[in-house]
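Inside the fold
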Amino acid sequence: VYSETSVLLSDEDFMNELRAFVDSIYSTLNESGVNIIRDRTEGYTSDEISDMLSQFNNFFGQAALIFLLWVYILSEKTDRLMFGDGGDKGPGILQEAEAQVTNYITLKTILSFVTGLVVAIILLILQVKLAVMFGLLSFALNFIPNVGSMIAMFLPLPIVIVDKNLEMWQKIGAFVGPGIVQGYVGNALEPMVFGKSLNMTPLSILMALVLWSALWGIMGAILSVPLLGIQKILMQKTNHPIAKYCVMLIREDPTVDENALAAA
């Protein structure tokens, strides 16, 4: 990523095209009635440099925290569950929640890695700048349900649009190729791999994403589906009408949970 970024920044023609593209966006917005005042001062003030360093520090701090959390979750014992197997009575609430979270995170990591790898290969074949970085971003953003794949699909567009070395078919492929990959993984591969283990409606997943993102930021967005799964399991085991009603709103197919309880 550092190598690709250095090459990109050293390409004066491309950077001039990128600046012209940004200027045209500002001009279009101002002509449409959206007045935006741009700061044209040369260089950066000490406050601006401090703000940029603070943003980078916050970003890398969050990234390091998420990475450590991800490593600790994946390096958990595989020979037995942390809370045991529940004995002869079958798995309890903690065992069931742990099994679901472990299954989700493991499969999601594998699918995200495959998605990022395929996206990076497609962009490298099409000779798109920063292809490896966009592949890594596709891997990371795929952990965010629904929204992350859409963001990853549109991220290369500014770079692709201003690059005059790309032919039209390459620019179209840089958008269509990752879009097909993200669409297939999100709408076909993930439902097939996860099966009915989650059994949650898309609306409930979106609401969980909004709620946990507001509470915990990017970490809440990544863990929104496992947390929703834990909530669903807890409410299924709670003998209260409000809990039963919430489960009805969350689960997609009631017969799946009923069959699982009958089998247990």
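The structure we're discussing is the one just above.
Attention here is on the structure that accompanies the text. Predicted, not measured: the structure shown is a model, and the values here were computed from it. (Residues numbered from 1 in each chain as written. Predicted model: local features only at pLDDT ≥ 70, side-chain atom pairs only at ≥ 80, totals over all residues. Heavy atoms only, no water.)

Moving on, we get to the layout of surface pockets. What the largest pocket holds in volume is close to 1100 Å³. Around the largest pocket, the lining comprises 31 residues; the ones closest to its centre are Phe59, Ala63, Leu136, Leu137 and Ala140. Counting residues per element, the ones that place at least two in the lining of the largest pocket are α3 (46-74), α4 (93-125), α5 (131-141) and α10 (218-222). Per element, the largest residue contribution to the lining of the largest pocket is 13 residues, and it comes from α3. Of the residues that constitute the lining of the largest pocket, the class distribution is 26 nonpolar, four polar and one charged. Each pocket or cavity is described by its volume, and for the second largest pocket that value is around 660 Å³. Forming the boundary of the second largest pocket are 28 residues, of which Asn146, Gly186, Glu190, Pro191 and Ile205 lie nearest the centre. (1 Å grid on protein atoms, 1.4 Å probe; cavity = no way out; pocket = protein on both sides within 12 Å on 5 of 7 lines; lining within 4 Å. Points joined across faces, edges and corners; volume = space filled by probe spheres on them. Helix = DSSP H or I, 4+ residues; strand = E, 2+ residues; numbered from the N terminus. Nonpolar A, V, L, I, M, F, W, Y, C, P; charged D, E, K, R; others polar.)

Right, let's get into the packing of helix α6 (residues 147-154) against helix α8 (residues 168-194). Interaxial distance between α6 and α8 falls to 9 Å at its minimum, and their mutual angle equals 165°. When the axis of α6 is compared with that of α8, the two are roughly antiparallel. For the crossing formed where α6 meets α8, the hand is right-handed. Residues Ser149, Ala152, Met153 and Phe154 of α6 touch α8, and the partners they reach there are Phe175, Gly179 and Gln182. Residues belonging to the contact of α6 with α8 are distributed by class as follows: four nonpolar, three polar and no charged. (Axes fitted to C-alpha atoms, helices over the stretch in contact; angles between N-to-C directions. Parallel < 35°, antiparallel > 145°, perpendicular 65-115°, else oblique. Left-handed = near helix turned anticlockwise from the far one by under 90°. Contact = heavy atoms within 4.5 Å.)

Within the fold, serine 112 resides in helix α4. At 3.0 Å, the side chain of serine 112 forms a polar contact with the side chain of asparagine 142. In this structure serine 112 touches Phe139, Asn142 and Phe143, once residues within four positions along its chain are discounted. (Polar contact = N/O pair within 3.5 Å; in protein donor to acceptor, adjacent residues only side chain to side chain.)

With that out of the way, let us pick up α4. The periodicity of an α-helix, 3.6 residues per turn, causes residues three or four positions apart to be oriented the same way. Compared with an ideal rise of 1.5 Å per residue, which puts 33 residues at 48 Å, α4 spans 48 Å between its outermost C-alpha atoms and is within 8% of the ideal. Note on α4: the residue one or two positions beyond its end, glutamine 127, has a positive phi of about 60°. (Expected span 1.5 Å × (residues − 1).)

On to the pattern of salt bridges. Evaluated as defined, the whole model comprises four salt bridges. With a shortest N-O distance of 3.0 Å, lysine 164 and glutamate 17 are connected by a salt bridge. Taken together, the residues span a long stretch of sequence, with lysine 164 in the loop between α7 (157-162) and α8 and glutamate 17 in helix α2 (residues 12-31) at a distance of 147 residues. The partly exposed category is assigned to glutamate 17, whose relative accessible area is 28%. Note that lysine 108 and glutamate 190 form a salt bridge whose closest N and O atoms lie 2.8 Å from each other. Taken together, the residues span a long stretch of sequence, with lysine 108 in helix α4 and glutamate 190 in helix α8 at a distance of 82 residues. Both residues of the pair, lysine 108 and glutamate 190, count as buried. (Salt bridge = Lys/Arg side-chain N within 4 Å of Asp/Glu carboxyl O. Buried < 20%, exposed > 50% of the residue type's maximum accessible area, 1.4 Å probe, protein only.)

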